[in-house]
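Observations on the model geometry
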Amino acid sequence: MCTAARPPEPRPGPEPAADDYARQGFVNFTRWSARLPGTQRRAAARAGHTVTTPDRRGEGSVPAARAERLTDEPPPAPAVDELPVREVLDRVPALVALVHGPDHRLAYVNDAYAAAFGTRHPGAPAAEALPELRDLGLMPLLDQAQRSGRPRTLKSRKAPDGRNYTFTCTPVTEDGGKSAVLVFATDVTDHAEAADRLRASERRQRETAVTLQRSLLPQELEQPDDLRIAATYHPGGTEAAVGGDWYDVITLGGGRTALVIGDVMGRGVRAAAVMGQLRTAVRAYARLDLPPHEVLQLLDGLAMEIDANQIATCVYAVHDPNEGRLLYASAGHLPILVRDENGAVRRADEPTGPPLGTGGWMHASGTVPLGPGSTAVLYTDGLVERRDEDLDDGIAALERALAGATGTPQVVCDRLVRSAGVTADHDDDVAVLVLQHPHRTGADGELFRNAALELLGGVEAAPRARAFASGVLTSWRFPTELHDLGVLAASELVANSLQHGTPPMRLRLRRTDRRLIIEVTDGDDHLPLRRLAEPGDESGRGIAIVATIASHWGSRRTPGGGKAVWCEFLLPKAGD
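Residues numbered from 1 in each chain as written. Predicted model: local features only at pLDDT ≥ 70, side-chain atom pairs only at ≥ 80, totals over all residues. Heavy atoms only, no water.

1. Here we look at the packing of aromatic side chains
Taken as a whole and judged by the stated rule, the model has four aromatic pairs. With centroids separated by 5.1 Å and ring planes inclined at 65 degrees, the aromatic side chains of tyrosine 113 and phenylalanine 117 adopt a geometry described as edge-to-face. Of this pair, tyrosine 113 and phenylalanine 117 both sit in helix H3 (residues 111-117), four residues apart, which is roughly one turn of that helix. For the residue pair tyrosine 113 and phenylalanine 117, the accessibility class agrees, reading buried in each case. In this structure, arginine 440 packs its charged tip against the face of phenylalanine 448, placed 4.0 Å from the ring centre. (Phe/Tyr/Trp six-rings, centres within 6.5 Å; stacked < 30°, edge-to-face > 60°. Helix = DSSP H or I, 4+ residues; strand = E, 2+ residues; numbered from the N terminus. Buried < 20%, exposed > 50% of the residue type's maximum accessible area, 1.4 Å probe, protein only. Lys NZ or Arg CZ within 6 Å of the ring centre and 35° of its normal.)

What follows is the structure, encoded as structure tokens:
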């Protein structure tokens, strides 16, 4: 009896080689379909046509003959699901890699990936097989994508080949339910280089604006005799364009000082340029020794001429040591803060006009006390304004910081900036101007003296004024030459007031550690002019004499009506 031959038992074969890793069953691209989040499979029947699809169950199999069409309709376009995945991925210009399993073993890289980073052998963990992804920090991203089931993206990273890529890790599911991650890298080198050029251009523009801004600010603050002053300027961080903040200190003569702070709205070189024009104009208008509100009126018209669309805020204040107060006007700027000798802080809350450049508004001047021992702070909005806070809260916080700030003006400046949290990456420019009216005691107090005489008019007024000036200058121990020049100047100013002015009249003498100041006030508001007197004229030489012998002279209208005419002499330095 014949028995059928038993088929031989299958023998175990050798382990598949690494090059055959994907081909022999781990990833079969002819059977694998990437199920991406949100992707819907499309079928030919969705278009309403019956299409016979090739049999793809084995490599090398011959597809069945297509059925004859019964109509003359054009053949439908193949659905995405019918395209061979391996052929598509091999031909895309982007870099593609497929890893699967908990240790992300490499299953596939396309031709573009191999051209960029070299041939890669499937089978090894991605940390070994794809060192470039490891160096770029992409391993945690693979874990996140696999664990969350959602794509993860790493934007614009520079790879070892010198190109910039944006990597997207997308979780996919292989046949059999195994999880894998498809790494898709897009070359964004052109975009990255364009962004670098843009950042470099912005950086150069910012450096230009900062340089212009600093060059237009005072390189060294004027230091009046009666005040101690310090200021600071902090440009915004690298992400913020430079604004138009500025400050200035202007010596007016006669012991008076103008203090200015302002902020041009806008950013960049244009704002800095407008700031420079306004600052120059303020210095010119200050020489006219006008009241603060009149200076702002002139600035308002100039701002409209510079640029009708550009506005600026500004505070212009004048300190007179004889008055013990600040006379100021504000064009839409933040209030001045004054700390008295007891530590109480007062906010200058007089009416504030609109910003410069708006036109059609009559500004007004206000006053705030500034006696000996007081400290005043002028500042721009970058110091107190925050996006998540009310502006009044910022000003209140600055008041609390000022109440506890002691020391020199520079120390106070630094403390206020620190308390406001201003750092190198602050999002706005900051300008701060601090002035102190110090107490003068002891030997220092002897160098700051005042004397005044009320003039009632009549023929005896001039002799009385000369005698008074002589006695005061003698008691102040001035040298003979300065004594005689002072008496002559006082005599000429009083004679001019008696002839051209009206009561009440006053002669005031003031000395500081650096100068002698002689001033005469009266009730007439017509300012004297220096003129060349003819040989036959009996008058008109008084002001010319004063201008010749004094270091400086000037005149101004006083707030209550009338005028003041003054001159000053520089004192010889010790050792001269």
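Further notes follow.
2. Describing the sheet that holds strand E18 (residues 515-522)
Taken in spatial order, the five strands line up as E16-E17-E18-E20-E19 in an open sheet, and their pairing is antiparallel. Two strands bound the open sheet, and with one partner strand each, they are strand E16 (449-455) and strand E19 (552-557). Averaged over all pairs of adjacent strands, the angle between strand axes in this sheet comes to 15 degrees, irrespective of strand direction. Two elements, E18 and strand E20 (residues 563-570), share eight bridges in a ladder whose sense is antiparallel. Its bridge partner being in E20, leucine 516 is matched across the sheet by phenylalanine 569. Contacts from helix H13 (residues 461-475) reach E16, strand E17 (505-511) and E18 within the one sheet, and its direction differs from that of E16 by about 170 degrees. (Pairing = 2+ DSSP bridges. Axes fitted to C-alpha atoms, helices over the stretch in contact; angles between N-to-C directions. Contact = heavy atoms within 4.5 Å.)

3. Things to note about the sheet that holds strand E6 (residues 228-234)
With respect to topology, five strands assemble into an open sheet ordered E6-E15-E14-E11-E12, the strand pairing being antiparallel. In this open sheet, the two strands that pair with only one neighbour each are E6 and strand E12 (345-347). For this sheet, the mean angle separating the axes of adjacent strands, direction not counted, is 15 degrees. Of the strand pairs in this sheet, strand E11 (residues 337-339) and strand E14 (residues 374-379) are connected by three bridges, and their pairing is antiparallel.

4. Description of helix H9 (residues 292-306)
Between its terminal C-alpha atoms H9 stretches 21 Å, which fits the 21 Å expected from 15 residues at 1.5 Å a residue. Looking only at H9, the buried set comprises Pro292, Val295, Leu296, Leu299, Asp300, Ala303 and Ile306. The buried side chains of H9 occupy one side of the element, clustering within an arc of 145 degrees when seen end-on. Its buried side turned inward, H9 meets helix H8 (268-286), strand E9 (312-320) and strand E10 (325-331). (Expected span 1.5 Å × (residues − 1). Arc of directions from axis to C-beta.)

5. Some thoughts on H8
Helical geometry: 3.6 residues make up each α-helical turn, so side chains three or four residues apart lie on a common side. Over its 19 residues, H8 runs 27 Å from end to end, which matches the ideal 27 Å to within 8%, given 1.5 Å per residue. Gly268, Ala271, Ala272, Val274, Met275, Gly276, Leu278, Arg279, Ala281, Val282, Tyr285 and Ala286 are the residues of H8 that are buried. Contacts made by the buried residues of H8 are with helix H7 (189-216), strand E7 (244-253), strand E8 (256-264), H9 and E9.

6. Structural notes on the nonpolar core
Trp246, Leu278, Leu299, Tyr316, Ile336 and Leu433 are the most contacted members of the largest nonpolar core, which totals 51 residues. Per-element accounting of this core gives the leading share, eight residues, to H8. The contact partners of leucine 278, leaving out residues within four places of it in the chain, are Trp246, Val264, Leu299, Leu302, Ala303, Ile306 and Ala312. Judged by nonpolar contacts, the second largest core, of 28 residues, contains Trp476, Leu493, Leu507 and Cys567. (Core = buried A, V, L, I, M, F, W, Y, C linked by side-chain atoms within 4.5 Å.)

7. Overview of the pattern of salt bridges
Under the criterion given, the structure shown has 26 salt bridges. Here glutamate 323 and arginine 325 are joined by a salt bridge, their closest N and O atoms 3.8 Å apart. One continuous salt-bridge network, built from bridges that share partners, spans Arg256, Asp289, Asp320, Arg508, Glu519 and Arg556. (Salt bridge = Lys/Arg side-chain N within 4 Å of Asp/Glu carboxyl O.)

8. A word on the side chain of threonine 313
One can find threonine 313 in strand E9. Looking at threonine 313, the relative accessible area reads 6%, which means it is buried. A polar side-chain atom of threonine 313 sits 2.8 Å from a polar atom in the side chain of histidine 333. Non-local contacts of threonine 313, meaning those with residues more than four positions away in its chain, are made with Trp246, Ile261, Gly262, Asp263, Met265, Ala331, Gly332, His333 and Pro355. (Polar contact = N/O pair within 3.5 Å; in protein donor to acceptor, adjacent residues only side chain to side chain.)

9. Side note on the pairing of E9
Most of E9 sits out of view: nine of its nine residues are buried. Going residue by residue along E9, you find Ala312, Cys314, Tyr316, Val318 and Asp320 tucked away on one face and Thr313, Val315, Ala317 and His319 tucked away on the opposite face as well. In the sheet, E8 pairs with E9 via eight bridges, with the strands oriented antiparallel. Following the sheet pairing, leucine 259 is matched in E9 by alanine 317. Following E9, the chain reverses through four residues before pairing antiparallel with E10; glycine 324 in that reversal takes a positive phi of roughly 70 degrees.

10. Digging into the pairing of strand E1 (residues 95-100)
Here E1 lies mainly inside the structure; six of its six residues are buried. Side chains of E1 alternate between two faces, with Leu95, Ala97 and Val99 and Val96, Leu98 and His100 buried alike. In terms of strand pairing, E1 meets strand E5 (residues 179-187) through six bridges, oriented antiparallel. Across the sheet, histidine 100 pairs through a bridge with alanine 180, a residue of E5. Bridge count between E1 and strand E2 (residues 105-109): four bridges; the pairing is antiparallel. Bridge pairing in E2 links leucine 98 to tyrosine 108.

Function-wise, these values are silent; they only describe arrangement.
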